[in-house]
Amino acid sequence: MSSTTKDPSTKGAAADSDSEDDYMKMSFTDEPTFTTSRKSKSGKPIETSLQRRLRLQREGEIRGRVKSKAELAAEEEARREAALSTSLFDKLVAPSPQIISHSPSASASPAPATAVPPAAAAPPITTKSKGLAMMAKMGFVPGTALGAKSAESEARTEPIKISIKDGREGIGLESERKRKMQEAAEAAGEMAKKARVDEEGYRERVRREREEARLERQVYAAQKVAEGMDEDYGDEVGDRMGGEGEVQKLEGRTDSGEDESEHGSDSREKKRGRKKTGASSSRPLRFIPVVYRGLVRSREEAERERRMRYDLEQSSMLSSARLPTYVDDELDMDGKHALGKDIATVHKPWNTYVMAEDLDEEDAELDEFNALNPDERLRRLVQYMREKHHYCFWCKAKYEDAEMDGCPGLTEEEHD
Amino acid sequence: MASHDDRGVKRSNMEDNAAQDLKRIKRAENGDAAPEKYNPYLAHLNEDGNNGDFESPLDSFERHQTTAAQAAQAEDSELNPWTGQPHSQRYFDILKTRRDLPVHKQRQEFLDMYHNTQILVFVGETGSGKTTQIPQYVLYDELPYTNGKLIACTQPRRVAAMSVAQRVANEMDVELGQEVGYSIRFENRTGPKTMLKYMTDGQLLRESMHDHDMSRYSCIILDEAHERTLATDILMALLKQIAARRKDLKIIVMSATLDAQKFQSYFYDAPLLAVPGRTFPVEIFYTPEPERDYLEAAVRTVLQIHATEPEGDILLFLTGEEEIEDACRRISLEVDDMIRESDAGPMKVYPLYGTLPPAHQQRIFEKAPGPLREGGRPGRKVIVSTNIAETSLTIDGIVYVVDPGFSKQKIYNPRSRVESLLVSPISKASAQQRAGRAGRTRPGKCFRLYTEKAFKKELIEQTYPEILRSNLANTVLELKKLGVEDLVHFDLMDPPAPETMMRALEELNYLACLDDDGELTRLGGLASEFPLDPALAVMLISSPEFYCSNEILSIVSLLSVPSIWVRPNNARKRADEMKMHFAHSDGDHLTLLNAYHAYKGAETNNEDMKRWCHEHFLSYRHLSSADNVRAQLKRIMETHDISLVSTPFQDKNYYINIRRALLAGFFMQVAMRESSNSKVYKTVKDDQLVMIHPSTSVTSPYDWVVYNEFVLTTKQYVRTVTNIRPEWLLEIAPVYYDLDTFEKGEIKSALTRITDKVKRRQAIKGSGSTR
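As a convention, each chain's residues are numbered from 1 in the sequence order in which they are written. Numbering of ligands from 1 and lettering of chains from A proceed in the order in which they are written. With the structure being a predicted model, the display of local features is reserved for residues of pLDDT at least 70 and the display and counting of side-chain atom pairs for 80 or more, all residues being used for whole-chain, interface and lining totals. To obtain the side-chain values, all non-hydrogen atoms of the structure were used and water was disregarded.

Asks: I'd like a rundown of the packing of aromatic side chains, residues and numbers included.
Replies: Paired rings are identified among Phe, Tyr and Trp, the last through its six-membered ring, by centres lying within 6.5 Å, and are further divided according to the angle between planes into stacked (under 30 degrees), edge-to-face (over 60) and tilted (the rest). Using the criterion set out here, one finds 22 aromatic pairs over all chains in the structure. Ring centres of Tyr292(A) and Tyr384(A) lie 6.2 Å apart, and the angle between their planes is 65°; this geometry places the pair in the edge-to-face category. Here Tyr384(A) lies in helix α14 (residues 374-389) and Tyr292(A) lies in helix α10 (residues 290-322), a separation of 92 residues in the sequence. Judged by its relative accessible area of 16%, Tyr384(A) falls in the buried class. Judged by centre distance (5.9 Å) and plane angle (55°), the rings of Tyr286(B) and Phe455(B) are tilted. In this pair, Tyr286(B) sits in strand β9 (residues 282-286) while Phe455(B) sits in helix α16 (residues 452-458), placing the two residues 169 residues apart along the sequence. Burial classes: relative accessible area under 20% of the type maximum marks a residue as buried, over 50% as exposed, and values in between as partly exposed (1.4 Å probe, protein chains only). Residue classification places Phe455(B) among the buried residues on the basis of a relative accessible area of 9%. Helix and strand assignments follow DSSP, with helices taken as H or I runs no shorter than four residues and strands as E runs no shorter than two, numbered in order from the N terminus.

Structural data, given as structure tokens:
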């Protein structure tokens, strides 16, 4: 008795989940009987009074639940659609599809329609249609249309669809509405897509920019290395510019200091930078290999700029110095220096510095080189150093001979 | 398309049935007098001597060699060439107008083509005169008295068959029912002299069931073929076959312009003759935006036309009675305001729909009202109509057409077995037809309440032919009777969906009209004799077994006419009260029967029947037409020795027998209640959820009911229901209620329980009796 007082929803769930040995299910054909010997004439078990009482009680519970209007309407439509969307021929071939209740409450009622065992367990009950058999006798094949044998069949194989008009909306309103909604949806989709594309594009651009910047830095570094190598090579060959060396060293300190802070190169390069600053200044740019000529050129230009500005400052300072000024003798050197009054004494005259003679000339070769992609410029630089110095930019090592035994290759990837 | 099936009387809600009933009643007496089996072929032989009594101008004619000039000469003669009587003045008056018809100019052309071909496709727009003139042209060429064969001209509608026959009889100066007659279901107005017979397409189909070669006819004209009624489609397929067998049979397929090529190619590239109609150009206007409420838009448009457009009457198309009455009310109210406020002209509003009494229908032909005062703005009339004004009725004076683009259309789906009238968008062809109505008397305007884009994209080209929208059980039965063996490859112009065919065969098999091999059974042969749907016919034929064939005959007749209940808007409550006098708590079928008995009782008491019906909120028209149908069916029953019996009224089984007898035909239309306190029923096998229609008189519905009709609107109803006991189902229709054919479900388990119960009871009975 206690088992039957369970509420319908738990029963329904039980029926759904475990229909095999669910004694609660509504098909009574295979309901276990207490007395298997008692059978009716047809061989079917006779229901005992207890079974009957239980059954009635169960049924009462199921029927006692009143469905809401919305539930009913939904169920009504669902069944209609289910009926309309299934071809009768399909029904005959496959086991008839079970109606699946849409509302959760409907599935809670243990109606047999919802509590059926899986299709595999239940063989298709629909027998082959006699109507179809008759048609087959006349030569009908399911899937084809009716009509004259000869005619290229334009005849329909499907019944006309039923659409129920609800309300008084004019023709085209619904499709217009649908179209608008679709358009809106499409537009929204487009936006989302566009945003996504943008996002990707942005990422791509940033990635590319970073890569380029990285390459530029490497180009710069390589140029410096190449210049330094050439210089070292030149030192080995003989220092042609010894005389000017001291002055340049002094100038170069401030110079390269700035450089270093800007580009963050390592200290080894600092040293070399100082050296080369001095070395290359006077040389005509066109003799500098194009691979790092740009570096030298821009440094020269920067230098000239700095000097011009310095001269300007100096001249203004000098002119101010020429003004009658009070000279405080108590000022020590530092003080004087701070007031710019020591300039003349501290500085060597600027005309000792020799600018590269062709700095102002057009350099087509360089422009061409600069127009190349940074990776190409880098490749040439690396190539240059390998050929000239048997130096590998990536291994950061100098090899004995042109074979460069032990270096994996020309590119950065090969050194990973 | 308010097309309707002439043989399936069941379709009581079809628009145009009603209009025809009254006319039928008027003529019923005469029509009945002509025996169905009379063969005019023999009659002509007998009376051939008549032609010798006078010198007819036709004497010089040679069959199939008539020229237009010869015929015109014969028409002009003083004596009627067909009767020998002098022509009346009216004849010559009409002749003059006939000669003005567009078709007349091409009479010779027509004859030349007619002589040289067996099948001819004739295209003539509305107003060309084809329906009245072509059959007469054929008459002068076929000269029926020479071989005794008739000329048939089919019409999709009963009203058209009757009215055209009358018109042609006038044109020929003969009496209707003599040389020119008509034959429609339940009414035959032809005689031994009849040469030209207008008939419904369904009627010709029924005739051919007993005359497979249509040997009575020398020429068959299928008029209005573009309407593609079920019967016309079947006839075309049959005639295509017969034409191959009978080279002497001529066939003319007449259609409106659209789709003419389709007819040509279907009939082995038959030659085509086209006659222009007499129509004026119609300017078409579309709305810039789709309408939210087409009814409101329609009312607004009508008022706008009234306010701004020059003189001319308006025709507005809507879908059904309720909508039309609603619109009429709204327009009238608004017009009153317009007259008061802005000095508008007067406007008369007339509704027009099938179930409207004919006297009211006639009012649409009244003249538009004149100006309210001297020199005031002219008045006009507006007719708010269903699609009966689209083709079947021509109203002169219409200059403006308002077309919201909807009509009620019959639709059938074999999957749910529901045949219903649903509001659906019309086709492009239909829209053009509607627009054309504005150009009958002078150039007109058509206001379409949808966008041009919607017209192009949303409307289908042609209305689906009826054969694709119908339950074919009846048609299949007829085809079987017609000797068509291979239904699958039957050469129809538009073959239906295979599932529809399958359902039809299945249903007929369950009704035992076809055996398992698809052969017609004796019962099937008998059922096909009745101009009824198979279920009704089977119910009628089996009714003597239930000792109530008289009562079932009455019920079948009542189900074959539109609803006999009158429920006017302003007196609904009183009407319902009156209905309660006849109500039987166990079933609407029984309530119908009670009302009919009361009607017959009043009749024998010599009451003024019209008044009596009015007082009792019953439709005199439909009741008397049911009475007429009953008489026709009774005659068929007598011919086939089906006995007419009744259970004594005092017997407690009187109503039970009737309820059981209903199941003999309608066992496939049964629903079981979902649960004891629910209003929802579930149809057997189709598993559809339905409610009992609120119009029912069943006060305490049982768990099981039989229903006459499944009504599909936004809700699903069953209408005209009667309580039954499930045991009866197992007993009366054991094949259909074979439990093995049921899908697992409530219905199956309920039926299983009942089977067990019945068996137990039998076992107890059996053991009791043996003891």
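The rest of the description comes next.
Asks: So, the packing of helix α23 (residues 588-604) of chain B against helix α25 (residues 620-639) of chain B: which residues are in play, and what are the values?
Replies: Residues and elements named next belong to chain B. Angles here are taken between N-to-C directions and fall from 0 to 180 degrees, while the axes themselves are lines fitted to C-alpha atoms, restricted in helices to the stretch in contact. One way to put it is that α23 packs onto α25 with a least axis distance of 11 Å and a crossing angle of 90°. When the interaxial angle is binned, α23 and α25 end up roughly perpendicular. Contact residues: Tyr596, Tyr599, Lys600 and Glu603 in α23; Tyr620, Leu623, Ser624, Asp627 and Arg630 in α25. Here the contact of α23 with α25 is built from residues that sort into four nonpolar, one polar and four charged. For classification, angles of less than 35 degrees are called roughly parallel, those exceeding 145 degrees roughly antiparallel, those between 65 and 115 degrees roughly perpendicular, and all remaining angles oblique. Contact definition: two residues touch when any of their heavy atoms are within 4.5 Å. Only Asp, Glu, Lys and Arg are considered charged in this grouping, and only Ala, Val, Leu, Ile, Met, Phe, Trp, Tyr, Cys and Pro are considered nonpolar; every other residue, Gly among them, is considered polar.

Asks: Describe the sheet that holds strand β7 (residues 250-255) of chain B, listing the residues and the values that go with them.
Replies: Residues and elements named next belong to chain B. Spatial ordering of the open sheet is given by β4-β3-β5-β2-β6-β7-β1-β8, a layout of eight strands whose pairing is mixed. Across the chains shown, the open sheet's two edge strands, defined by having one partner strand only, are β4 (187-189) and β8 (272-275). Direction aside, neighbouring strands of the sheet carry axes that sit 20° apart on average. Any two strands are treated as partners once DSSP identifies two or more bridges connecting them. Two elements, strand β3 (residues 180-184) and β4, share three bridges in a ladder whose sense is antiparallel. Of the residues in β4, the one forming a bridge with Ile184 is Glu187. The strands that helix α6 (residues 130-142) touches are β1 (119-124), β2 (150-155), β5 (196-200), β6 (217-222) and β7; relative to β7, the one it contacts most, it runs at about 165°. Against the sheet, helix α9 (residues 230-245) contacts β1, β2, β6 and β7, and its axis sits at roughly 145° relative to β6.

Asks: Help me get a handle on the pattern of salt bridges, residues and values and all.
Replies: A pairing counts as a salt bridge when a side-chain nitrogen of Lys or Arg comes within 4 Å of a carboxyl oxygen of Asp or Glu. Evaluation of the coordinates by the stated rule reveals 64 salt bridges over all chains. Here Glu303(A) and Arg306(A) are joined by a salt bridge, their closest N and O atoms 3.3 Å apart. With Glu303(A) and Arg306(A) both in helix α10 and three residues apart, the pair spans about one turn of that helix. Close ionic contact of Lys410(B) with Glu466(B) constitutes a salt bridge, the shortest N to O distance being 2.9 Å. Taken as a pair, Lys410(B) in strand β14 (residues 406-413) and Glu466(B) in the loop between α16 and α17 (473-481) lie far apart in primary sequence, 56 residues in all. For the pair Lys410(B) and Glu466(B), a shared accessibility class is recorded, and that class is buried. Several salt bridges converge on common partners, so that one network encompasses Glu75(B), Asp76(B), Arg98(B), Arg99(B), Arg107(B), Arg167(B) and Glu171(B).

Asks: Talk me through the interface of chain B and chain A; I want residue IDs and the actual numbers.
Replies: On the chain A side, the residues contacting the 83 residues of chain B number 75 residues. Interface area, chain B with chain A, both sides summed: about 7000 Å², of which 61% is carbon and sulfur. Taken together, the links from chain B to chain A amount to four salt bridges. One salt bridge connects Arg415(B) with Glu158(A), and the closest N-O pair in it is separated by 3.1 Å. Residues adjacent in sequence count toward polar contacts only when both atoms are side-chain atoms; beyond that, a polar contact is any pair of N or O atoms within 3.5 Å, and within protein one must be able to donate a hydrogen and the other to accept it. Here chain B is connected to chain A by 11 residue pairs in polar contact (both at pLDDT 80 or more). Elements supplying a minimum of two residues to the side of chain B that touches chain A: α11 (294-308), α12 (321-342), β14, β15 (418-425), α16, α18 (498-510), β18 (680-683) and α28 (746-770) of chain B. Counted by class, the side of chain B that touches chain A contains 32 nonpolar, 17 polar and 34 charged residues. Here the quantity called buried area is the accessible surface, traced with a 1.4 Å probe, that two parts lose on coming together, added over both.

Asks: Please set out the nonpolar core residue by residue, giving values where relevant.
Replies: Residues and elements named next belong to chain B. Working definition of a nonpolar core: buried Ala, Val, Leu, Ile, Met, Phe, Trp, Tyr and Cys residues. They are joined through side-chain atoms within 4.5 Å. Residues Phe530, Ile552, Trp704 and Tyr737 are the most contacted members of the largest nonpolar core, which totals 148 residues. With 10 residues, the single largest contributor to this core is α9. Aside from chain neighbours lying at most four places away, what touches Phe530 is Arg206, Ala537, Leu540, Ile541, Leu633, Ile636, Met637 and Ile642. Membership of the second largest hydrophobic core comes to 43 residues, among which are Leu101, Ile134, Met172 and Leu196.

Asks: Please give an account of unusual backbone geometry that cites residues and values.
Replies: Of all residues except glycine, most have a negative phi; of all peptide bonds, most are trans. Residues and elements named next belong to chain B. Here the phi dihedral of Ala512 falls at roughly 60°; this positive angle occurs in a residue that is not glycine. Inspection of the secondary structure assignment puts Ala512 in the loop between α18 and α19 (522-527). Non-glycine residue Phe617 carries a positive phi angle of around 55°. Inspection of the secondary structure assignment puts Phe617 in the loop between α24 (609-615) and α25.

Asks: Hey, could you go over the confidence of the model for chain A for me, with residue numbers and the actual values?
Replies: All names here are of chain A. Across chain A, pLDDT averages 66, with 54% of residues at or above 70. Per-residue confidence from the predictor is reported as pLDDT, which spans 0 to 100. Least confident of the elements in chain A is helix α5 (residues 104-108), whose mean pLDDT is 40; most confident is helix α6 (residues 130-137), at 88. For residues 1-21, every residue scores under 50 in pLDDT, and the model assigns this stretch 31 contacts once sequence neighbours within four places are set aside. Below a pLDDT of 50 lies the segment residues 238-281, which in the model reaches 57 contacts outside its immediate sequence neighbourhood of four places, other chains included.

Asks: Residue-level account of the pairing of strand β11 (residues 347-352) of chain B, with values.
Replies: Residue and element names in this part refer to chain B. Among the six residues in β11, five count as buried, and that is most of the element. One ladder, built from six bridges, connects β11 with strand β12 (residues 380-385); its direction is parallel. Paired with Tyr350 across the two strands is Ile383, which belongs to β12.

Asks: Quick one: what's the story with a positive patch on the surface, residue by residue and with numbers?
Replies: Taken together, the side chains of Arg52(A), Arg725(B), Lys757(B), Arg760(B), Arg761(B) and Lys765(B) make up a positively charged region of the molecular surface. Its place among the elements puts Arg52(A) in helix α2 (residues 49-64). Judged by its relative accessible area of 41%, Arg52(A) falls in the partly exposed class. Patch membership is restricted to residues that have no salt bridge and whose relative accessible area is over 30%. Joining uses 9 Å for like charges and 5 Å for the nonpolar side chains Val, Leu, Ile, Met, Phe, Trp and Tyr. Each accessible area value is a Shrake-Rupley result obtained with a 1.4 Å probe; residue values ignore everything except the protein chains displayed when judging cover. Counted charges follow a simple rule, with Lys and Arg positive, Asp and Glu negative, and His plus the chain ends left uncounted. For this purpose, a charge sits on NZ of Lys, CZ of Arg, CG of Asp or CD of Glu.

Asks: Requested: an account of the environment of Trp612(B), with residues and values cited.
Replies: All names here are of chain B. Note that Trp612 resides in helix α24. Given a relative accessible area of 8%, Trp612 falls into the buried group. Setting aside residues up to four positions removed in sequence, Trp612 forms contacts with Phe582, Ala595, Ala598, Tyr599, Ala602, Glu607 and Leu618.

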